[in-house]
Amino acid sequence: TDAMEHVSRIARVIEQPRGNALLVGVGGSGKQSLAKLAAFICQYEVFQITITASYKLADFKENLQTIYMKAGVKGIGTLFLFTDQQIVDERFLVLLNDMLASGNIPDLFPADEMDNINNAIRSEVKQAGLMDTKDECWAFFIEKVRKLLHVALCFSPVGDKFRVRARQFPALVSCTQIDWFHAWSQEALVAVAQRFLGGMDGWDDELKENMAAHMAFVHTQVSIQSEQ
């Protein structure tokens, strides 16, 4: 039930123009999985960056160029799924903040690439009844990106980093809809345990029920101890 509610919330957010989501919960709570399912429901492509030892700010910019072209030129609905574990450089958040606030990231594209983009969407600009000037074409491109490109940020509230980043980069909070992933209920933990125990042979139903309840209890106690 909790999973279905989260998927519904995320889907409602990202299907709106300029709809971006901030999913807050501890690791393993299902933020990424449910965001991908919501994107599938909305018929969006999911884009995630791949972090390597040599991944730098230039690589991040190149990835942003890719999704901007996909949404603004090709007209493909896209969900950019980004986690706090992928922040290997705090300057990533500067670009994300601009992306969420206005959609216009300074110096993202070189001048010649901007000209190519303007030429690619010039016919769309004319069809919209606008003057096909350089500024009008670029504004049209950015507006199209903001309509078709959606961001789902998967952050953990544990520690001080989330609080500090939210204060330093206000668009992460003010330009997104927040969905809090709270701790799993006892019923959900028991249901998952029963699912795993269901395929085990040689155990009667009563034993499986008792084992499932015990597994859920142990998981709850471990979570409490880790928080303390």
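Structure shown above.
Residues numbered from 1 in each chain as written. Predicted model: local features only at pLDDT ≥ 70, side-chain atom pairs only at ≥ 80, totals over all residues. Heavy atoms only, no water.

Novice: Where do I start with the pairing of strand β3 (residues 78-83) in this structure?
Specialist: On a regular strand, each side chain points to the face opposite its neighbour's, so the side chains alternate between the two faces of the sheet. The buried fraction of β3 is high, at six of six residues. Here β3 shows two buried faces, one formed by T78, F80 and F82 and the other by L79, L81 and T83. Sheet topology note: the strand β2 (residues 45-47)/β3 ladder contains three bridges and is parallel. Residue pairing across strands places V46 opposite L79, the latter belonging to β3. Tracing the backbone out of β2, into helix α3 (residues 57-72) and back to the parallel element β3 gives a crossover that is right-handed. Pairing of β3 with strand β4 (residues 149-155) involves six bridges; the strand directions are parallel. Residue pairing across strands places F80 opposite V151, the latter belonging to β4. (Buried < 20%, exposed > 50% of the residue type's maximum accessible area, 1.4 Å probe, protein only. Helix = DSSP H or I, 4+ residues; strand = E, 2+ residues; numbered from the N terminus. Pairing = 2+ DSSP bridges. Right-handed = clockwise from strand over helix to strand, strands pointing away.)

Novice: Can you help me understand the environment of F40 in this one?
Specialist: Within the fold, F40 resides in helix α2 (residues 31-41). Sequence spacing of F40 and Q194 is 154 residues, and the spatial spacing of their C-alpha atoms is 28 Å.

Novice: I tried to follow unusual backbone geometry on my own but got confused; where do I start?
Specialist: Most peptide bonds adopt trans geometry, and most residues besides glycine take a negative phi value. One non-glycine residue, R18, lies in positive phi territory at about 65°. For R18, the location among the structural elements is in the loop between α1 (2-14) and β1 (21-24). Among the residues examined, R18 registers a relative accessible area of 41% and is labelled partly exposed. Phi angles above zero are rare outside glycine, and D107 is one such case at about 60°. Among the structural elements, D107 can be located in the loop between α4 (91-101) and α5 (111-127). Residue class for D107 comes out exposed when judged on its relative accessible area of 68%.

Novice: Honestly, the pattern of salt bridges in this entry has me stumped. Any pointers?
Specialist: Side chains bearing opposite charge may pair, as long as their charged atoms lie close to each other. For the structure on display, the rule yields 10 salt bridges. A salt bridge links E143 to R18; the shortest N-O distance between them is 2.8 Å. Of this pair, E143 sits in helix α6 (residues 134-148) while R18 sits in the loop between α1 and β1, and the two are 125 residues apart along the sequence. When its relative accessible area of 40% is taken as the criterion, E143 is described as partly exposed. Note that D132 is salt-bridged to R122, the shortest N-O span being 3.8 Å. Here D132, found in the loop between α5 and α6, pairs with R122, found in helix α5; they are 10 residues apart in sequence, far enough to count as distant. Beyond isolated ion pairs, a larger network of salt bridges with shared partners links E5, R9 and D179. (Salt bridge = Lys/Arg side-chain N within 4 Å of Asp/Glu carboxyl O.)

Novice: In this structure, what is going on with a nonpolar patch on the surface? I would like to understand it.
Specialist: The grouping of L37, F40 and I41 at the surface amounts to a nonpolar patch, some 340 Å² of accessible area in total. Mapped onto the fold, I41 is located in helix α2. (Patch = residues over 30% accessible without salt bridge, like charges linked within 9 Å, V, L, I, M, F, W, Y side chains within 5 Å. Areas by Shrake-Rupley, 256 points an atom, 1.4 Å probe, with all protein chains shown as cover.)

Novice: Help me out: how do you make sense of the packing of aromatic side chains in this one?
Specialist: In this description, an aromatic ring pair is defined by two values, namely the gap between the centres and the angle between the planes. Evaluated as defined, the whole model comprises 12 aromatic pairs. Residues Y55 and F92 carry aromatic rings whose centres are separated by 5.9 Å and whose planes lie at 85° to one another, so their mutual orientation is edge-to-face. With Y55 in the loop between β2 and α3 and F92 in helix α4, this pair connects stretches of sequence that are 37 residues apart. Relative accessible area serves as the criterion here: at 8%, Y55 is assigned to the buried category. Clustering of aromatic rings is evident, with ring pairs tying together F47, Y55, F60, F80, F82 and F92. (Phe/Tyr/Trp six-rings, centres within 6.5 Å; stacked < 30°, edge-to-face > 60°.)

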